[in-house]
Amino acid sequence: MKEAHILLVDDEPNIVMSLEFLMRKNGYQVSIARNGTEALEAVDRTPFDLILLDIMMPDVDGYQVCQHVKQRPDRQQTKVIFLSAKSREDDVQKGYAAGADLYVPKPFSTRQLMEQVQALLAA
């Protein structure tokens, strides 16, 4: 089986660094987008198996990126996990309404996140 390709989208460098390390350590191929615009360009260029997506970014927010992914017929298999400090119930509902497969509030356990990533990719 080919290694899964994951896109990390976050404007916080420390989060990107730790997630990139974690995903590579677990055998995944990783690409990085530092904002929503870069994420949209990456999604249009490359099919990803899974996207770890922040919501609050300076240009295009995570909701818009997720909707873009889910509206593309050739990206229907892409799983999206929101990682966000926005943890109110209406934020979570908005995330699922945008097409998220999972919504994980920050701060999160990296061990639990890894289990959730592996489960989604196996599904």
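Per-chain numbering applies: the sequence of each chain, read as written, is numbered from 1 onward. pLDDT decides what is reported in this predicted model: residues at 70 or higher carry local features, side-chain atom pairs at 80 or more are listed and counted, and totals for whole chains, interfaces and linings draw on all residues regardless. With hydrogens and water set aside, each side-chain value is computed from the structure's full complement of heavy atoms.

The protein is annotated in an unreviewed UniProt entry as Response regulator from Hymenobacter citatus.

**Overview of the nonpolar core**
Rule in force here: As used in this record, nonpolar core signifies buried Ala, Val, Leu, Ile, Met, Phe, Trp, Tyr and Cys residues forming a set joined through side-chain atoms within 4.5 Å. Type-normalised accessible area, obtained with a 1.4 Å probe on protein chains alone, sets the label of each residue: buried when under 20%, exposed when over 50%, and partly exposed for intermediate values. We count a stretch as a helix when DSSP gives it H or I for four or more residues in a row; a strand needs E for two or more, and each element gets its number in order from the N terminus. Contacts are assigned to residue pairs with any non-hydrogen atoms lying within 4.5 Å of each other.
Ranked by size, the top nonpolar core spans 22 residues in total, and within it Leu-7, Val-9, Ile-51, Leu-53 and Phe-82 carry the most contacts. Those elements that place two or more of their residues in this core are β1 (5–9), α2 (36–45), β3 (50–53), α3 (62–71), β4 (79–84) and α4 (89–98). Of all the elements, α3 adds the most residues to this core, at four residues. Ignoring anything within four residues of it in the chain, the contact list for Leu-7 reads Ser-31, Ile-32, Ala-33, Ala-39, Ala-42, Val-43, Phe-48, Leu-50, Ile-51 and Leu-52. Judged by nonpolar contacts, the second largest core, of 19 residues, contains Ile-15, Ile-81, Leu-83 and Val-117.

**Here's the deal with a negative patch on the surface**
How we decide: Surface patches are drawn from residues lacking salt bridges whose relative accessible area is over 30%; two like charges belong together within 9 Å, two nonpolar side chains (Val, Leu, Ile, Met, Phe, Trp, Tyr) within 5 Å. Methods summary: accessible areas were calculated by the Shrake-Rupley approach with a probe of 1.4 Å, and residue burial reflects only the protein chains presented. Every case where a carboxyl oxygen of Asp or Glu lies within 4 Å of a side-chain nitrogen of Lys or Arg is listed as a salt bridge. The charged-residue count follows a simple rule in which Lys and Arg add positive charge and Asp and Glu add negative charge, with His and chain termini not counted at all. Positions of charges follow a simple convention, taking NZ of Lys, CZ of Arg, CG of Asp or CD of Glu.
A cluster of acidic side chains, namely Asp-11, Glu-12, Glu-38, Glu-41 and Asp-59, defines a negative patch on the protein surface. On the basis of relative accessible area, Asp-59 is assigned to the partly exposed category, the value being 37%.

**A short note on the environment of Lys-106**
The criterion, for reference: In protein, a polar contact requires one atom able to donate a hydrogen and another able to accept it; more generally it is a pair of N or O atoms within 3.5 Å, and residues adjacent in sequence count only if both atoms are side-chain atoms.
On the secondary structure map, Lys-106 appears in the loop between β5 (102–105) and α5 (110–122). It is 7.8 Å that separates the C-alpha atoms of Lys-106 and Ser-87, two residues lying 19 residues apart in sequence. Sequence-distant contacts of Lys-106, defined by excluding residues within four places in its chain, comprise Asp-10, Ile-15, Asp-54, Leu-83, Ser-84 and Ala-85. In terms of polar contacts, Lys-106 uses its side chain to reach the side chain of Asp-10, at 3.0 Å.

**Some remarks on the pairing of β5**
Just so we agree on the cut-off: Paired strands, as defined in this entry, are two strands with at least two bridges between them according to DSSP. Place the viewer so that the strands point away; then a crossover is right-handed whenever the path from the first strand over the helix to the second strand goes clockwise.
Here four bridges tie β4 to β5, and the two strands are oriented parallel to one another. Bridge pairing in β5 links Phe-82 to Tyr-103. Between the parallel elements β4 and β5, the chain passes through α4 in a crossover that is right-handed.

**Let's talk about the UniProt feature "modified residue: 4-aspartylphosphate" (unreviewed entry) in the protein**
Where we set the bar: UniProt positions are given in the numbering used here, feature names are shortened, and annotations may be inferred rather than shown by experiment.
Those places that UniProt annotates as "modified residue: 4-aspartylphosphate" (unreviewed entry) correspond, in this numbering, to Asp-54. Take Asp-54: it is sitting in the loop between β3 and α3. Ignoring anything within four residues of it in the chain, the contact list for Asp-54 reads Val-9, Asp-10, Asp-11, Gly-62, Leu-83, Ser-84 and Lys-106.

**Some points on the pairing of strand β2 (residues 29–33)**
As paired elements, β1 and β2 share five bridges and run parallel to each other. Its bridge partner lying in β2, Leu-7 is registered against Ser-31. In this view, the connection linking β1 to its parallel neighbour β2 by way of helix α1 (residues 13–25) has right-handed handedness.

**Some details on the sheet that holds β1**
By way of backbone hydrogen bonds, the strands of a sheet pair with one another, either parallel or antiparallel. Applicable threshold: Here the axes come from fitting lines to C-alpha atoms, over the contacting stretch only for helices, and the angles between their N-to-C directions go from 0 to 180 degrees.
Spatial strand order, β2-β1-β3-β4-β5: five strands in an open sheet with parallel pairing. Every interior strand has two partners, whereas the edge strands, β2 and β5, have only one. On average, each strand axis in the sheet is inclined to that of its neighbour by 20 degrees, with strand direction left out of account. Relative to β3, β1 runs parallel, the two sharing four bridges.

**A short note on α1**
Selection criterion: A helix's residues, less one, multiplied by 1.5 Å, set its expected span. Summarising the geometry, the arc corresponds to the directions from the helix axis toward the C-beta atoms.
The end-to-end C-alpha distance of α1 is 18 Å, a good match for the 18 Å that 13 residues give at a rise of 1.5 Å each. Taken together, the buried positions of α1 are occupied by Ile-15, Val-16, Leu-19, Leu-22 and Met-23. Buried residues along α1 cover an arc of 135 degrees about the axis, so they all sit on one side. Exposed side chains of α1 directed beyond 90 degrees from the buried face belong to Pro-13, Asn-14, Met-17, Phe-21 and Lys-25. On its buried face, α1 is in contact with β1, β2, β3, β4 and α5. Of the residues trailing α1, Gly-27 is marked for its positive phi of about 90 degrees.

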